[in-house]
Amino acid sequence: MPGLLDSYTLKGITLRNRIAASPMCQYMAKDGLVTDWHQPHYAALARGGAGLVVVEATSVSPEGRITLGDLGLWSDAHVPGLSRVAAAIADAGAVPGIQLAHAGRKAGCRPPWEGGAPLRPGDPQAWQPIAPSAVPLVPEQPHVPRAVAVADIRRVQEDFVDAARRAREAGFLWLELHFAHGFLAQSFLSKHSNLREDAYGGSLENRARFLVETVAAVRSVWPAEFPLTARLGVLEFDGNDAVNLAEAVEALQRMKAAGLDLVDVGLGFSTLSPVPWAPNMLVQAANHVRKETGLPVTTSWLVTSAKEADRFVREGQVDFFMFARRLLDNPHWPHAAARELGVERQVLPTPYHFWLQDWSAA
Ligand SMILES: Cc1cc2nc3c(=O)[nH]c(=O)nc-3n(C[C@H](O)[C@H](O)[C@H](O)COP(=O)(O)O)c2cc1C
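Quick summary incoming for the structure in this document. (Residues numbered from 1 in each chain as written. Predicted model: local features only at pLDDT ≥ 70, side-chain atom pairs only at ≥ 80, totals over all residues. Heavy atoms only, no water.)

**Some points on the packing of aromatic side chains**
Moving on, step 1. On inspection of all chains with the given rule, the structure shows ten aromatic pairs.
Moving on, step 2. Arranged with centres 5.8 Å apart and planes meeting at 75°, the rings of W174 and F320 form a pair that is edge-to-face. Of this pair, W174 sits in strand β9 (residues 174–179) while F320 sits in strand β13 (residues 320–323); the two residues are 146 residues apart in sequence, bridging distant segments of the chain.
Moving on, step 3. Among the aromatic residues, those joined into a cluster by ring pairs are F312, F321, F323 and W333.
Moving on, step 4. Its end group placed over the ring of F312, R311 keeps NZ or CZ at 4.9 Å from the ring centre. (Phe/Tyr/Trp six-rings, centres within 6.5 Å; stacked < 30°, edge-to-face > 60°. Helix = DSSP H or I, 4+ residues; strand = E, 2+ residues; numbered from the N terminus. Lys NZ or Arg CZ within 6 Å of the ring centre and 35° of its normal.)

**Some details on helix α2 (residues 79–91)**
Moving on, step 1. Between its first and last C-alpha, α2 extends 18 Å over 13 residues, near the 18 Å set by a 1.5 Å rise per residue.
Moving on, step 2. Those residues of α2 not exposed but buried are V79, G81, L82, V85, A86, A88 and I89.
Moving on, step 3. Where α2 is buried, its residues contact α1 (38–47), β4 (52–59), β5 (71–72), β6 (95–101) and α3 (150–169). (Expected span 1.5 Å × (residues − 1). Buried < 20%, exposed > 50% of the residue type's maximum accessible area, 1.4 Å probe, protein only. Contact = heavy atoms within 4.5 Å.)

**Description of the side chain of T299**
Moving on, step 1. The topology assignment puts T299 in strand β12 (residues 297–299).
Moving on, step 2. Classification of T299 as buried rests on a relative accessible area of 0%.
Moving on, step 3. Not counting residues up to four positions away in its chain, the partners in contact with T299 are D264, V265, L282, V283, A286, V318, F320, F321 and M322.

**A short note on the nonpolar core**
Moving on, step 1. By size, the foremost hydrophobic cluster in this structure holds 102 residues, and its most contacted members are L232, M255 and F321.
Moving on, step 2. If near-sequence neighbours (up to four positions away) are discounted, F321 is found in contact with L4, R18, I19, A20, V283, T298, T299, V303, A309, F312 and V313.
Moving on, step 3. Counting residues in hydrophobic clusters, the runner-up holds nine residues, among them A101, A107, W127 and F183. (Core = buried A, V, L, I, M, F, W, Y, C linked by side-chain atoms within 4.5 Å.)

**Some thoughts on a nonpolar patch on the surface**
Moving on, step 1. Residues M28, W37 and W113 make up a contiguous nonpolar surface patch of about 340 Å² in total accessible area.
Moving on, step 2. Tracing the sequence through the fold places W113 in the loop between β6 and β7 (130–131).
Moving on, step 3. Using a relative accessible area of 54% as the deciding quantity, one classes W113 as exposed. (Patch = residues over 30% accessible without salt bridge, like charges linked within 9 Å, V, L, I, M, F, W, Y side chains within 5 Å. Areas by Shrake-Rupley, 256 points an atom, 1.4 Å probe, with all protein chains shown as cover. Salt bridge = Lys/Arg side-chain N within 4 Å of Asp/Glu carboxyl O.)

**Digging into the pattern of salt bridges**
Moving on, step 1. Throughout the structure, instances matching the rule amount to 20 salt bridges.
Moving on, step 2. Residue R254 pairs with E250 through a salt bridge whose shortest N-O separation is 3.2 Å. With a gap of four residues between them, R254 and E250 both fall in helix α7 (residues 241–257), about one helical turn apart.
Moving on, step 3. Classification of R254 by relative accessible area gives partly exposed; the value is 29%.
Moving on, step 4. On the basis of relative accessible area, E250 is assigned to the partly exposed category, the value being 35%.
Moving on, step 5. Here R314 and D310 are joined by a salt bridge, their closest N and O atoms 2.9 Å apart.

Structure (structure tokens):
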């Protein structure tokens, strides 16, 4: 069975290894536009050796931003900056991917290093977020979202479609839809945030409808040979996770029929109870999703050992891994992983591979 440092092919796209840079918000954009921050940041991740670099949550509309510093793709003006980012990733040998997002009721906040609280209602830059129902993310916070009408749902889905078309124009070859972490799509799926009584609430079929329709709509403009993937929150830590996982599987089967190619198994973040953090904490759930849906899977969260990740890949539990903090800390970690795994052949054809080898053994 292939391991962490072996290539991985999905549809028409081949990753040089199974180490991907997970999407990581930088909150360094201006009006959604790429700034001087982004290109060197993403080039470093690609030069470090990752096979796939997924650009951070990029908002499909101004109101879908977590903060004013989020990247966006809601206009053609956003394409040239992201084209340069995609080209920098591809030039360094990685596949350029991008995550499209609408933060839903998590929108309209300050960046984490300024406390992450919602912008104050009196702030001229503040806005009211939208959600399936008027249920705030944090009960005691007065940041109550507006419950969307069906016309709003259509508009958001069109925003996803337009953003996907622009992502293609910008040169991205891998698309991830953000359906996790309490963002808009995941809050449609969750019973805690979706209290609707129309065709988008109630039964699992109804709560999954926004996600399934969005996958189908994006698939219609995203090329068939390029992977269309989604990060889905499959656990909510609300004491009901056997049901949540079973519902996630059923929702994913519907998304598969609508054209989804791979699942990035993620967390729901209901804020209802503390998350039981532990090493490799989502691997088992990811493997369950893989078996039950027949879709290939990736996952993240506290996967830090190359040897363990390699074993999970060789056992066929996951197809590849997304690494976030590992690569933020050291973009060249894939070279260290290759050394740790004793991979002697040149799997990372960059100058770093030569310079970072163990000279004492030469
Ligand atoms: C700085 C930072 C920014 C993040 N931004 C995003 C994001 O834009 N989209 C997303 O789905 N997850 C985001 N995450 C979550 C990561 O993609 C990843 O799933 C999580 O950090 C777990 O992986 P790790 O244990 O390797 O860090 C972010 C994480 C970090 C540390």
